[in-house]
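Examining the three-dimensional arrangement
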Amino acid sequence: MKLARKMINSEYQVILLDKNNYHQFQPLFYQVATAALEPSAISFPLRKIFHHTPNVTFRMAEALEVDQENKRLFTNAGYIDYDILVLAMGADTNYFGMKNIMENSIPMKTVSEALYIRNRIISNYEKAINTENLEDRRAMMNVVIVGGGPTGVELAGAIAELRNNVFPKDYPELNFKNMRVVLAEAGPKLLAGMSKEASEKAVVYLDKLGVEIMVNAAVEDYDGLTIKIKDHESLHTKTLLWAAGVKPNHIKGLREDQMIRNGRLIVNQYNQLKDNEGIYVVGDLCVLEDGDYPRGHPQVAQVAIQQADNLADNLKAMADNRPIKIFKYKDLGSMATVGRKLAVVDLPFIKFQGFIAWITWLFVHLMAIVGVKNRIFIFLDWAWNYLSFDPALRLLIRPRYVKPKEQEDLVEEKSE
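Residues numbered from 1 in each chain as written. Predicted model: local features only at pLDDT ≥ 70, side-chain atom pairs only at ≥ 80, totals over all residues. Heavy atoms only, no water.

The next subject is the pairing of strand S22 (residues 342-346). Burial analysis of S22 places five of its five residues in the buried class, the great majority of the element. Burial of S22 is two-sided: the residues Leu342, Val344 and Asp346 facing one way and the residues Ala343 and Val345 facing the other way are all buried. Sheet topology note: the strand S21 (residues 334-339)/S22 ladder contains five bridges and is antiparallel. Looking at S22, one finds that Thr337 is bridged to Ala343. As defined by bridge partners, S22 adjoins strand S23 (residues 351-353) across three bridges and the pair is classed as antiparallel. For Asp346, the partnering residue across the bridge sits in S23 and is Lys351. The antiparallel pairing of S22 with S23 creates a hairpin that spans four residues between the two strands. (Buried < 20%, exposed > 50% of the residue type's maximum accessible area, 1.4 Å probe, protein only. Helix = DSSP H or I, 4+ residues; strand = E, 2+ residues; numbered from the N terminus. Pairing = 2+ DSSP bridges.)

Here we take up helix H6 (residues 134-141). The α-helix winds at 3.6 residues per turn, so residues separated by three or four positions along the chain end up facing the same way. Buried within H6 are the following residues: Ala139, Met140 and Met141. Turning to H6, the residues buried within the fold contact helix H5 (111-129), strand S10 (143-146) and strand S15 (235-236). N-cap assignment for H6: the residue whose side-chain oxygen lies 2.9 Å from the backbone N of Glu135 is Asn133. (Contact = heavy atoms within 4.5 Å. Polar contact = N/O pair within 3.5 Å; in protein donor to acceptor, adjacent residues only side chain to side chain.)

Okay, the packing of aromatic side chains next. Counted by the stated rule, this structure contains eleven aromatic pairs. Plain terms: the ring middles of Tyr95 and Trp242 are 6.3 Å apart, the flat faces sit at 25 degrees to each other, and that makes the pair stacked. Here Tyr95 is found in the loop between strand S9 (91-93) and helix H4 (99-104), whereas its partner Trp242 is found in strand S16 (residues 240-242), with 147 residues between them in sequence. The class for Tyr95 is buried, based on a relative accessible area of 4%. Overall, the relative accessible area of 3% leaves Trp242 in the buried class. A centroid spacing of 5.7 Å and a plane angle of 50 degrees characterise the contact between Tyr125 and Tyr171, whose relative ring orientation is tilted. You can see Tyr125 sitting in helix H5 and its partner Tyr171 sitting in the loop between helix H7 (150-170) and strand S11 (181-184), a full 46 residues away along the chain. We note that Tyr125, like Tyr171, is buried. Grouping aromatic residues by their ring pairs yields a cluster made of Tyr125, Phe167, Tyr171 and Phe176. Here the guanidinium or amino end of Arg72 rests over the ring plane of Tyr79, the centre of that ring lying 3.9 Å away. (Phe/Tyr/Trp six-rings, centres within 6.5 Å; stacked < 30°, edge-to-face > 60°. Lys NZ or Arg CZ within 6 Å of the ring centre and 35° of its normal.)

Further remarks concern the side chain of Glu185. Mapping Glu185 onto the fold places it in the loop between S11 and helix H8 (196-209). Buried and unpaired, Glu185 has no salt bridge, with Lys189 as the nearest side chain of opposite charge at 10 Å. In this structure the side chain of Glu185 is engaged in a polar contact, spanning 2.6 Å, whose partner is the backbone nitrogen of Gly148. For Glu185, the residues in contact, after removing those within four places along its chain, are Gly147, Gly148, Gly149, Leu190, Met214, Val215, Asn216 and Ala217. (Lys, Arg positive; Asp, Glu negative; His and termini not counted. Salt bridge = Lys/Arg side-chain N within 4 Å of Asp/Glu carboxyl O.)

All quantities given are derived from atomic positions and should not be read as evidence of function.
Following this line, the structure appears as structure tokens:
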């Protein structure tokens, strides 16, 4: 989307393809999952972004295969011939080959998955009220999050705050001392990509909220009730939220020598696909090995945005016969919110935590949202939740089962 917006009024005819007709703001998925924001607040119609842009058009279609020799892209809506193809399909949940976990855990890589988490948690508590057996009731109430990165930390903090302040008012019949919120990380520390100070402070904040933290805890299996963890006790839960890793989305027609072992596509310093002058790759899907990042850049939004920015400038320069510039990533820092008034921020020139970090996190994410109306709605939601600490979106809205013939158009398939 960043690339397409920068190409408005350029000499190129730009066609933006996406299987959804909206842009979704991933950093706030966890707030949809924990009933703090409505899905529409972090989603924005792509067609609205490109009103009055005659050289940029949008088509809702899923890319299926690339014919590199004939410069043709096949989609579920037909094929399209291209001069330049930019692949920016991002990444999806990585289950590391564990089939049971793929079948029984819940990922959070789309708005619909975040909404499903919200429904699952609320549905479990509605059932728990009518469950007589204490162990069964505890399994319904417990929430286990796997993955100690920003997503896992933010989810754990938000769910712990719901348990501490909101759910006891909704479900006075339940004893929330029986509810465990567990954050399991396979590595030795939380927020591995951030500073030591941020990692240690996140542990302090989560401990304060009553989150049980398990490090060096590699999850080995999950059957829908029991989680088996290497060198740790087994856990019982009906809700396992998987935030443990990502893998690049795949498209047919690319050769094995154009990708590394995990499926990321090899590009040069101009984000051009190996051995192909007409295809460029940006974001989580590509890997550029240079001196500063011998194993490729981190799979974070800023890399994708800066790559799109650089590529747009280069495409315009190519049209004007001007020299193009290599991509050089500038690390602007990273941040994570742990709970209400609690966050950690690492900037290139300073590191800080606590309330000021939380305000900084709010401002940065609010400014990154597409659309003035969405920003206003999110600001009002945050202000209300801060003053009342009673998010009003705890609705169990279950989609009605659709007829099989309608399923392909109206229901999103579970990714593998």
